[in-house]
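The lines below spell out each chain.
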Amino acid sequence: MKKGFIDAVVGLQWGDEGKGKNIDELLSSGIYSAVARFHGGANAGHTIKSGNLTFIGHIIPSGCLRKNIELYIGNGVVVDVVSLISEIKQLKDLGFNTAPRLYISNRAKLVSYLHPFLDQADEHRRSKGGSKIGTTSRGIGPVYSDVRARKALLIGDILLSDFEQKEAILSEFHINLLNMYKEKYGFEINLDKIKEAKDKWMEALNELKKLQICDLSFLILKRLNAGKNILAEGAQAVMLDIDFGDYPNVTSSNTLPANVCLGLGVPHTYLRDIYGVIKAYTTKVGGGTFPARIKDEALEKLFQKAGNEFGATTGRPRMCGWLDLFALRHAIGLSGVNKIFINKADICLSEKVKVVTGYKKAGKALKEFPLYLNEVSDVVTEEISGWGGDNFGVKDKKKVSKELASYLKYIKAKLADLNVKIISVGTGPDRDHFFKWDK
Ligand code: GDP
Ligand code: IMO
Ligand code: MG
């Protein structure tokens, strides 16, 4: 029997590499019938741009602007139902009716209206004793904690008769926790805001009941066995992985492609290509150490402005750094990426750029990735020509400036032993702003 396959797209840096754009780009090949989110929640912000239309999806898969593509939300996802319903509505207003092609796993987890408050409360606690993680305040940590503690509500629960009872037990537990944060750490509980959040949540739950909630693993296997191919959509990125990122300054799910199978409920034998996405430089939002950060503040601001480096979810300015090959090699090794997208090749503002090729601890070059990034005392850099010239919107490899071409060759050479292809290079935010590089 002819079987389909699953390809995956994951971020290789600290998020916001342009995954949404590349997923949308891959769909134009016509080989995929669906896009599936397998982990994370509305902490993601994936931008897709087509002409005048810009859409930022937090929870809906990035196939939403392609009318014949099915959209899957897997069991590994924590669903912010208010965001989901609002995105479906926004898309409908834009002329994209996504509800009939959206399938949500009955085993996906439900973010409750109190999880974001608990997220803020725990950040408040951290700020008292040290440093915050700088979360997106979407309740991600608290809901995944509840999943591990086997308390969280499943999407399928909303269709069962004992949902209200289960919800009441969980909410009571959450309110007790919030009171603990108030008493012990002085976290202010705003009852009006909680009431407002609950009302919105209940309203969204009523809408959620009308959507297609199903045994998604069964549906995906049926599609694969019918020869259909699926694209798995990573959120966040390898450096934010709960096990292999810079713990604790990470998100609360496994972002690595190894999690695709668990987060969708399919055997690993269906996995084929793993696409990794990077920018020509690096950005990071939130707390934690960022070894490759550009030290010249004015230059960092220039990158921030030219690259429009402001969070798609929270609007926070993203810190900007040089391309970090030490972290990238670590990320490629962990994820098994064989094809790479490089975005933002149109953004270069200095004649000379640095590239981080190593990390040092107490003056000594590290061979392995450190347990904690704050152990890094210094970075080893190489200085090369900036990838200058006007490359915005370039769609043809032959029209690229010679500096950009040599920057790409430099990166390729530095990754040569890892056997990865640079398949496409982004030169602007639009879905057709890219050129093919390796064959
Ligand atoms: P994601 O979270 O990985 O999907 O990325 P985001 O959407 O959060 O951030 C990427 C930002 O870069 C978005 O504003 C995109 O529109 C934009 N973008 C993506 N690729 C390019 C590119 O090649 N050049 C430029 N200038 N912008 C890009
Ligand atoms: P996409 O999919 C960039 C970061 C937050 C914070 C840490 C934990 O758009 O690339 P969380 O809310 O998950 O508990 O926050 O992870 N973070 C992201 N940074 N892009 C993202 O998603 C992110 N999702 C979470 O800034 O440092
Ligand atoms: Mg993003």
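Calculation criteria
- Residues numbered from 1 in each chain as written.
- Chains lettered and ligands numbered in written order.
- Predicted model: local features only at pLDDT ≥ 70, side-chain atom pairs only at ≥ 80, totals over all residues.
- Heavy atoms only, no water.
- Helix = DSSP H or I, 4+ residues; strand = E, 2+ residues; numbered from the N terminus.
- Rg over C-alpha atoms; globule rule 2.2 N^0.38 Å.
- Buried < 20%, exposed > 50% of the residue type's maximum accessible area, 1.4 Å probe, protein only.
- Contact = heavy atoms within 4.5 Å.
- Areas by Shrake-Rupley, 256 points an atom, 1.4 Å probe, with all protein chains shown as cover.
- Lys, Arg positive; Asp, Glu negative; His and termini not counted.
- Charge placed at Lys NZ, Arg CZ, Asp CG, Glu CD.
- Donors = N, O, S within 2.8 Å, 3.2 Å for Na, K, Ca; no water.
- Near = heavy atom within 4 Å.
- Polar contact = N/O pair within 3.5 Å; in protein donor to acceptor, adjacent residues only side chain to side chain.
- 1 Å grid on protein atoms, 1.4 Å probe; cavity = no way out; pocket = protein on both sides within 12 Å on 5 of 7 lines; lining within 4 Å.
- Sits in = over half its atoms within 2 Å of the grid points.
- Domains from an automatic or database assignment.
- Buried area = accessible area lost by both parts, 1.4 Å probe.
- Pairing = 2+ DSSP bridges.
- Core = buried A, V, L, I, M, F, W, Y, C linked by side-chain atoms within 4.5 Å.
- Nonpolar A, V, L, I, M, F, W, Y, C, P; charged D, E, K, R; others polar.
- Phe/Tyr/Trp six-rings, centres within 6.5 Å; stacked < 30°, edge-to-face > 60°.
- Axes fitted to C-alpha atoms, helices over the stretch in contact; angles between N-to-C directions.

Q: I'm lost on the overall build of the protein in this one. Help?
A: Summing up its helical and strand segments, the protein has 11 helices and 21 strands in all. Expected size for 439 residues packed as a compact globule is a radius of gyration near 22 Å; at 22 Å, the protein falls within 12% of this value. Oriented by its inertia axes, the alpha-carbon framework of the protein measures out at about 65 × 55 × 40 Å. Sorting the 439 residues of the protein into buried and exposed places 56% on the buried side. Partitioning the contacts of the protein with sequence separation of at least 6, the portion at a separation of at least 24 is 77%. Here the protein has roughly 19400 Å² of accessible surface; of this, 51% comes from carbon and sulfur atoms. Computed over 63 positive and 50 negative side-chain charges, the separation of the two mean positions in the protein equals 4 Å.

Q: Explain the coordination of the magnesium ion (ligand 3) here, please?
A: Bound to the magnesium ion (ligand 3) on the protein side are D16 (OD) and G45 (O), at distances that span 2.1 to 2.2 Å. Taken together, the residues D16 in the loop between β1 (6-11) and α1 (19-27) and G45 in the loop between β2 (34-37) and β3 (46-50) connect sequence positions 29 residues apart.

Q: Teacher, can you tell me more about the site of ligand 1 here?
A: Inspection of the region around ligand 1 gives 19 residues, with G18, K19, G45, T47 and D346 positioned closest. In this structure, D16 approaches ligand 1 through a side-chain N or O atom, which is 3.0 Å from an oxygen atom. Here an oxygen atom of ligand 1 sits 3.2 Å away from a polar atom, N or O, in the main chain of G426. Protein coverage of the free-state accessible area of ligand 1, which is 590 Å², stands at 93%. Judged by the proximity of its atoms to the pocket grid, ligand 1 belongs to the second largest pocket. Only α1 and β3 provide two or more residues apiece to the shell around ligand 1. Considering each element in turn, the shell around ligand 1 owes the most residues, three residues, to α1.

Q: Looking at this structure, I do not really get the domain arrangement of the protein. What am I missing?
A: How big an interface is tends to be stated in terms of accessible area lost as the parts join. Domain annotation for the protein reports domain 1 (6-107 + 212-275), domain 2 (110-207) and domain 3 (278-436). Relative placement of domain 1 and domain 2: their C-alpha centres are 24 Å apart. Facing the 26 residues of domain 1 at the interface are 20 residues of domain 2. For the domain 1 and domain 2 pair, buried surface summed over both sides reaches about 1700 Å², with 70% attributable to carbon and sulfur atoms.

Q: What is the right way to look at unusual backbone geometry in this model?
A: What you tend to see is this: most non-glycine residues have negative phi, and most peptide bonds are trans. The amide bond that connects Y247 to the next residue, P248, takes the cis arrangement and shows omega of 5 degrees. Positive phi, close to 60 degrees, is recorded for R150, a residue that is not glycine. Position of R150 relative to the elements: it lies in the loop between α4 (140-148) and β9 (153-154).

Q: Would you mind going over the environment of D390 with me for this structure?
A: By the secondary structure assignment, D390 is in the loop between β19 (378-385) and α11 (402-414). The class of D390 is exposed, set by a relative accessible area of 67%. Within polar-contact distance, the side chain of D390 engages the backbone nitrogen of F392 at 3.4 Å.

Q: Which parts of the structure should I look at to understand the sheet that holds β9?
A: The strands making up a sheet associate through backbone hydrogen bonding, with each pair oriented either parallel or antiparallel. With mixed pairing, three strands are arranged side by side in an open sheet as β6-β8-β9. Taken across any chain shown, the strands that pair with only one partner, and hence form the sheet edges, are β6 (78-79) and β9. When strand β8 (residues 109-110) meets β9, the two strands line up antiparallel, connected through two bridges. Bridge pairing links L110 to L153 in β9.

Q: Any chance you could explain the nonpolar core here in plain terms?
A: In terms of nonpolar packing, the biggest core is built from 61 residues, with L12, Y72, F303, I340, W387 and Y407 touching the most fellow members. If you look at the next biggest cluster of nonpolar residues, it comprises 53 residues, including Y32, L65, V81 and L170.

Q: In this structure, what is going on with the site of ligand 2? I would like to understand it.
A: Near ligand 2 there are 21 residues, and of these K19, H46, T136, Q236 and T251 occur at the shortest range. G45 places a main-chain nitrogen or oxygen 2.9 Å from an oxygen atom of ligand 2. The contact in question runs from an oxygen atom of ligand 2 to an N or O atom on the side chain of T251, over 2.6 Å. Considering only residue class, the shell around ligand 2 consists of eight nonpolar, 10 polar and three charged.

Q: Any chance you could explain the packing of aromatic side chains here in plain terms?
A: By convention here, two paired aromatic rings are described through the distance between centres and the angle between planes. Counted according to the given criterion, the structure contains 13 aromatic pairs. A centroid spacing of 5.5 Å and a plane angle of 70 degrees characterise the contact between W14 and F290, whose relative ring orientation is edge-to-face. Taken as a pair, W14 in the loop between β1 and α1 and F290 in the loop between β13 (282-284) and α9 (297-306) lie far apart in primary sequence, 276 residues in all. For F290, a relative accessible area of 7% corresponds to the buried category. A ring pair is formed by F326 and F369, whose centres lie 5.9 Å apart and whose planes are at 15 degrees; its orientation type is stacked.

Q: Quick question: what am I supposed to make of the sheet that holds strand β7 (residues 102-105) here?
A: Strand order across the open sheet formed by 10 strands is β10-β7-β5-β2-β11-β1-β12-β16-β20-β21, with mixed pairing between neighbours. If you trace the sheet from one side to the other, it starts and ends with β10 (212-214) and β21 (434-436), each paired once. Direction aside, the axes of adjacent strands within the sheet are offset by 25 degrees on average.

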